[in-house]
Structures are given as C-alpha cells and as structure tokens.
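# Coordinates in review
Single-letter residue listing:
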Amino acid sequence: MSDTPTALEQLALDLITIPSVIGNEAQIADFVEGWGKTRQMDRVTRAVDYVAIQPRAYRPGAKRILLLCQLDTVPVSELNPPGVEGDRIQGYVSSDMKCADALIMHLLERSIEQEPRHDLLAILYAKEEGPFDESGLPELAEAAPDLFEDIDLAIAMEPTDNHIELGCLGTMHAAIR
C-alpha cells in the first residue's frame, strides 16, 4: 500500500473502523445504506441490518449474479488487531469480512461507471455467525422479493486462503454432547 490509499483501500479502512460485533451491526448497516444512496444505485433496500444494493436496473436476458457478504465480526481481539502493515490490510476484521465488503461495494460502484456484462445484486448482512431464526433475510426478501428472482449465480464471500470453494449448500446447527 502506498502512502496514499486507493479508493478501495480507503473504503476497507473506513469499514474496519466501524465496530460491528455480531448483534451490533446497525452502525455499519447505516454506513453501507448511506454509501449506496449517495452513489445513486438503482435500489438500496434495508430490512433490519441487512442491506441489498442493486446498482442498475435488471436487463432482460442478462445473467444475474448475487454477491453476499457479512457485516458482523467476532469480538475484538488484541492478538490480531486490524491495521496496515506494508502493502497489506490485515487483522481479524479485515479478512473476515471488511475487505470483502469493500470489494463488493467497489464492484457495485464500478458497475455504475461502466456497464457490467452481468446484472449485479449485493446483500451485506448481519448476524452471519448466529442462528437462522435471528436472521433478517426473510424481512429483506419480503421487502424486495423481486430482487431475488432469477438469480443465476450466488457468490458468498468467506475467507478461504485464496481458494474458491464450490458446491457448499445450506447450514447445520447441532448440539454435540
């Protein structure tokens, strides 16, 4: 990273400074929602602390890609504080998931500047680590059901040591004794 961060690096750094420990995502959801509205995205829909951003109106016949990323983080740890070291943004909240949030937001902004090959929809959501019954996703789907129609590919951002993991579906909640 140079002395002057790029717009993407600065966005990541800005997101890193917003506390968003699971269950306390309102402040970062406010930031993301406001960010989308100031960039004249086609639609910014919020339900609870879930934010859906559609940068352009869907085009007939275009493939639709859904980008998903969590806004929540684990509790703060002094062992791996977020920050900049050399040319890297690092720390527990940078890799899980603030840099991925910034990347998605950057792609949305770029798709306003130049028409993308495929239509995009992004969902930045709260409580990724929590149980589904506390999820705000049903409220988001109810607030904007048409956003979710005819999605061709969904990409869920998650740190995977620079590998792409394909084919995982669903979640499991279990009590092991």
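Here the structure is a predicted model, which means the values were calculated and not measured.

Quick notes on the rules
- Residues numbered from 1 in each chain as written.
- Predicted model: local features only at pLDDT ≥ 70, side-chain atom pairs only at ≥ 80, totals over all residues.
- Heavy atoms only, no water.
- Helix = DSSP H or I, 4+ residues; strand = E, 2+ residues; numbered from the N terminus.
- Buried < 20%, exposed > 50% of the residue type's maximum accessible area, 1.4 Å probe, protein only.
- Contact = heavy atoms within 4.5 Å.
- Axes fitted to C-alpha atoms, helices over the stretch in contact; angles between N-to-C directions.
- Parallel < 35°, antiparallel > 145°, perpendicular 65-115°, else oblique.
- Left-handed = near helix turned anticlockwise from the far one by under 90°.
- Nonpolar A, V, L, I, M, F, W, Y, C, P; charged D, E, K, R; others polar.
- Core = buried A, V, L, I, M, F, W, Y, C linked by side-chain atoms within 4.5 Å.

## Brief notes about the environment of Ser 20
Tracing the backbone through its elements, the reader meets Ser 20 in the loop between helix 1 (7-16) and helix 2 (26-38). Classification of Ser 20 by relative accessible area gives buried; the value is 1%. Spatially, the C-alpha atoms of Ser 20 and Val 74 are 8.3 Å apart, while their sequence positions differ by 54 residues. Here Ser 20 is in contact with Glu 25, Ile 28, Leu 71, Asp 72, Thr 73 and Lys 98, once residues within four sequence places are set aside.

## Points about the packing of helix 2 against helix 3 (residues 92-113)
Interhelical geometry of helix 2 versus helix 3 gives an angle of 15 degrees and a closest axis separation of 12 Å. What the angle tells us is that helix 2 and helix 3 run roughly parallel. Of the two elements, helix 2 crosses helix 3, and the hand of that crossing is right-handed. When helix 2 is examined against helix 3, the residues Ile 28, Phe 31, Val 32 and Trp 35 are found in contact with a partner set consisting of Lys 98, Met 105, Leu 108 and Glu 109. Across the contact of helix 2 with helix 3, the residue classes tally to 6 nonpolar, no polar and 2 charged.

## A few points about the nonpolar core
Core analysis: the largest hydrophobic core is formed by 30 residues, its most contacted members being Val 32, Trp 35, Ile 53, Ile 104 and Leu 108. Among the elements of the structure, helix 1, helix 2, strand 2 (50-54), strand 3 (64-70), helix 3 and strand 6 (119-125) are those that each provide at least two residues to this core. Ranked by the residues each element gives to this core, the list is headed by helix 3, at 8 residues. Not counting the four nearest positions on each side in its chain, Val 32 is found in contact with Val 51, Ile 53, Leu 71, Met 105 and Leu 124. Counting residues in hydrophobic clusters, the runner-up holds 13 residues, among them Ala 47, Tyr 50, Leu 121 and Leu 147.

## A look at the packing of helix 1 against helix 2
Closest axis-to-axis distance for the helix 1/helix 2 pair is 10 Å, and the angle between their directions is 150 degrees. Here helix 2 runs roughly antiparallel to helix 1, going by the angle between their axes. Every residue of helix 2 that contacts helix 1 at Leu 11, Asp 14 and Leu 15 is listed here: Ile 28, Phe 31 and Trp 35. Class assignment of the residues belonging to the contact of helix 1 with helix 2 gives a composition of 5 nonpolar, no polar and 1 charged.

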